[in-house]
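Each chain, written out:
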Amino acid sequence: MSETNPAATAPVTADAAPHRYTAAMAAEIEARWQDFWDAEGTYAAPNPKGDLAGDPELVARPKKFIMDMFPYPSGAGLHVGHPLGYIATDVFARFQRMTGHNVLHTLGFDAFGLPAEQYAVQTGTHPRASTEANMKNMVSQLRRLGLGHDKRRSFATIDPEYYKWTQWIFLQIFNSWYDDEAKRARPISELVAQFDSGERAVPGGGTWSALTEAERADLLGEYRLAYASDAPVNWCPGLGTVLANEEVTADGRSERGNFPVFKSKLRQWNMRITAYADRLLDDLDQLDWPEAIKLQQRNWIGRSEGARVDFPVDGERITVFTTRPDTLFGATYMVLAPEHPLVEKFTPAAWPEGTRDAWTGGHATPAEAVAAYRAQAASKSDVERQAEAKDKTGVFIGAYATNPVNGEQVPVFVADYVLMGYGTGAIMAVPAGDQRDFEFARAFELPIRCIVEPTDGRGTDPSTWESAFASYDAKIMNSYNDEVSLDGLGVVEAKERITEWLERTGAGAGTVNFRLRDWLFSRQRYWGEPFPIVYDEDGIAHPLPASMLPLELPEVEDYSPRTFDPDDADTKPETPLSRNEDWVHVTLDLGDGRGPRRYRRETNTMPNWAGSCWYELRYLDPHNSEQLVDPEIEQYWMGPREGLPHGGVDLYVGGAEHAVLHLLYARFWSKVLFDLGHVSSAEPFHKLFNQGMIQAYVYRDSRGIAVPAAEVEERDGAYFHGGEKVSRLLGKMGKSLKNAVTPDEICAEYGADTLRLYEMAMGPLDVSRPWDTRAVVGQFRLLQRLWRNVVDENTGRLSVADVAETDVDADTLRALHKAIDGVRQDLEGMRFNTAIAKVTELNNHLTKVGGPVPRPVAERLVLLVAPLAPHVAEELWRKLGHTSSVVHEDFPVADPAYVVDETVTCVVQIKGKVKARLEVSPSVSEEDLEKAALADEKVVAALGGAGIRKVIVRAPKLVNIVPA
Ligand code: ANZ
């Protein structure tokens, strides 16, 4: 269908009134005011001190820090879906400015990332060059929208002056450890002091001073919040890179290129985010976030209360994590994850006497069976291994363990449904209570013992069951030994009792387990922050001193990782940075008293998340070369205050796709910086709001290929492209689906104010909505009527009536004050669509009344519109004779007298007989109502001068008078 609407262009035709609001006029007005704002620094938010200090009167106001999730500067530029959130925060920020706040609102760029690197690989263009060109384009697209950003505070994460501080934060994290007792991060030097003084025992005995340098480094590595470890990764030799789990297909190949992927161990940097699991969970309670997002974070952190239980095997033991220690008497076998390090140790040379054929997988020895099974398991993803419906596979490792509660010998298996990365990587299997164990027990003919009395009538003989039985309301049975009995107890009491027994006998202990894993922080990429780490000849990692930051990215010949024979699992990644020998091998004096030495630099880069983990802080004090942020400035904008016990940004708007990783990582960095005393806010974002998506119709031909939406025509409810019928479905907007509409097109056709109004009017901000170019004109017409209500279209002169408010008719005053009241509440509550509806209603009222609009009404109408359509509002404000920008005017306040809409009828009785009816406000006070009733002339007449014994008032509906 044609995206050009004839109705929209009508006003621009030659016979239109010369001073009508048209697209051409909008373009002129908007460009002029954008230049004015830039020149005046209209949106500059003053800091209390430093280079951005300013107007003390503004600083003294209550502050609001309003933020968007910053964009990645994509080569495709913006489509109309991208600015939805930016417009919303802009409207809100403008409203806050007009209601007496010092408002910080700006936008930077999250500019490291894969697309620029891939483009560099294909074209040889330096990622910085393409990224900067993309940013330039987006900056001009955004400027066209009239967003009130404090541009002095903008930056990109690729600016060396910015990533200097990203590297600095990495060093802070590297140089600290988590004190479990104090429940906070502390400098690693304090841990060293504890080891040195003997206050904390050095593991394995011995003293700190007796440890070699390498031993010390290893020991501290166990504590540091940023540490290197050999982590299992998805290594894809064919692509030459490590892949995230999401990039690996179910059959263990790379999604991109379909190459084999191997689980391989690689020395990688990690962030010990797990140390903060409890605080990340607890502090969610005080945040003003959508419940759905909080829930996703809680699930991701995944706190489970349960117990660790030791099952002895040949003088060693297997420790399991269980959430159901109450079912211990029903544990009839055990499972180790195939990768469990104890598997080899417990695997005997030969199958024990009486091993069933079904348990051996057809192998001659346990070692063979285990090796074959491991190879098979290594090729599967965790998701695949855990799939509910999947057949349970596994092999017996040839060993038995002792169930500590009853001394029973239970066989030990390896099976892939147990994951190494969760709990202890080992489980006690309770087939009666766990469905996966039930299926496995059936497949391997293992005993199933009923230890919870079924409440669903299936009986207590598991041989007749079709599934495991799980319920928290049932009673435990068949569960006792000489020292403890759980029989007859409910699950909760049984857990308590058995945990107490485990602790008393030393067989186990109550524990809390988290699903959250440490954060893998290394990437084998070029276009990311280099690590401020060097290694000495012994491979010991040393942090660079802060004075050596920023450590800038070196130039390289080739941005792509080296690829290998796709089937050669024994290869190792070669990172782009490692190819620049002059950069990698350096002689440095780290200022640690050892003088200049040879070092090798870390050649991985930081992941894309790093730059977005702390950017809110840099907006506050973007040019500070001495500190990440001045503490006083941080305290001013983000510090804890009433209702925000952890401080944070007042409003953060962005997509729900960042529910977990970005928000969790940013919260984690915030807490570390807080613990180390660098900031006063322990949470980055106090209030979070997720905007919906702007969707668009996707048209596809008979082959299923998307055709350009702009070329589709509609005929009788069907859609055609080049004569061929095409299907229509609502989907995402984007270049690849050929349905992208750019803000530039809409601005050219109607102006930015219309685009802003349309995006805000489409529906509640948190709901997804389909874009409809044909509907945009509706908002354009609103602006035309608004213009016409203030300006004479023929002369271009102001057309308002210079009268006092007292001369305005009551209907219009009521319409005005109701609009003010409603718009105020709607803007405060971010209900921009209903605010626009109210502005429209008032505007229509004025059009209907006709004649020149009274100045007091026109002025306030313009102020109401100002946050939504700032350019036209500035223009009209100027036409109304004001010389200062509308941006810092006070938002109108409604006169409550006009806001009450309905009145209610109050009946006045004398001796039970109705004598009068009064029209009163529903909120009238008893006193006022009594006075009004006694003053009413009919009542005065009916009383005929008689005295009053009693007045019974039931506001607002009834007054009963009892004469003396
Ligand atoms: C015995 C038992 C009996 C269990 C029962 C459940 C029900 P959440 O709640 O998610 O924390 N488990 C422990 N480690 C595992 C691993 N590495 N891979 C796969 N499964 C593992 O789940 C904890 C439960 O999941 C644990 O409690 C354990 O099975 C299993 F009627 O132990 B349970």
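Note: the structure precedes this text.
All figures in this text were calculated on a predicted structure; none of them were measured in a lab.

**Regarding the overall build of the protein chain**
Across its full length, the protein chain carries 31 helices and 31 strands. In terms of its C-alpha atoms, the protein chain occupies a principal-axis envelope of roughly 110 × 85 × 75 Å. Going through the 964 residues of the protein chain one by one, you find that 53% of them count as buried. Sequence-distant contacts, at least 24 apart, represent 70% of the contacts inside the protein chain between residues at least 6 apart. Accessible area for the protein chain stands at about 41,400 Å²; split by element, carbon and sulfur atoms hold 50% of it. Computed over 102 positive and 140 negative side-chain charges, the inter-centroid distance for the protein chain is 5 Å.

**Some points on the side chain of R279**
When you line up the elements, R279 lands in helix α10 (residues 277–282). Not counting residues up to four positions away in its chain, the partners in contact with R279 are Y178, K183, R184, R667, K671, F674 and D675.

**What about the pairing of strand β29 (residues 913–920)?**
For strand β28 (residues 904–910) and β29, the ladder comprises 7 bridges, and the chain directions are antiparallel. Bridge pairing in β29 places V908 opposite A916. Count of turn residues in the β28/β29 antiparallel hairpin: 2 residues, of which K911 carries a positive phi of about 50°.

**A look at the side chain of Q172**
Among the secondary structure elements, Q172 is positioned in helix α7 (residues 160–174). What makes Q172 buried here is its relative accessible area of 18%. A polar contact of 3.1 Å, which involves the side chain of Q172, links it to the side chain of H678.

**Remarks on unusual backbone geometry**
Here the residue pair L549 and P550 is connected by a cis peptide bond, since its omega of 0° sits within 30 degrees of zero. Assignment of secondary structure puts P550 in the loop between β17 (541–543) and α18 (581–584). Positive phi is not limited to glycine here, since D314 has a value of about 45°. Along the chain, D314 turns up in the loop between β8 (303–313) and β9 (316–322). Given the relative accessible area of 72%, D314 is considered exposed. One non-glycine residue, K738, lies in positive phi territory at about 55°. On the secondary structure map, K738 appears in the loop between β26 (724–731) and α22 (743–750). A relative accessible area of 40% means that K738 is categorised as partly exposed.

What counts and what doesn't
Residues numbered from 1 in each chain as written. Predicted model: local features only at pLDDT ≥ 70, side-chain atom pairs only at ≥ 80, totals over all residues. Heavy atoms only, no water. Helix = DSSP H or I, 4+ residues; strand = E, 2+ residues; numbered from the N terminus. Buried < 20%, exposed > 50% of the residue type's maximum accessible area, 1.4 Å probe, protein only. Contact = heavy atoms within 4.5 Å. Areas by Shrake-Rupley, 256 points an atom, 1.4 Å probe, with all protein chains shown as cover. Lys, Arg positive; Asp, Glu negative; His and termini not counted. Charge placed at Lys NZ, Arg CZ, Asp CG, Glu CD. Pairing = 2+ DSSP bridges. Polar contact = N/O pair within 3.5 Å; in protein donor to acceptor, adjacent residues only side chain to side chain.

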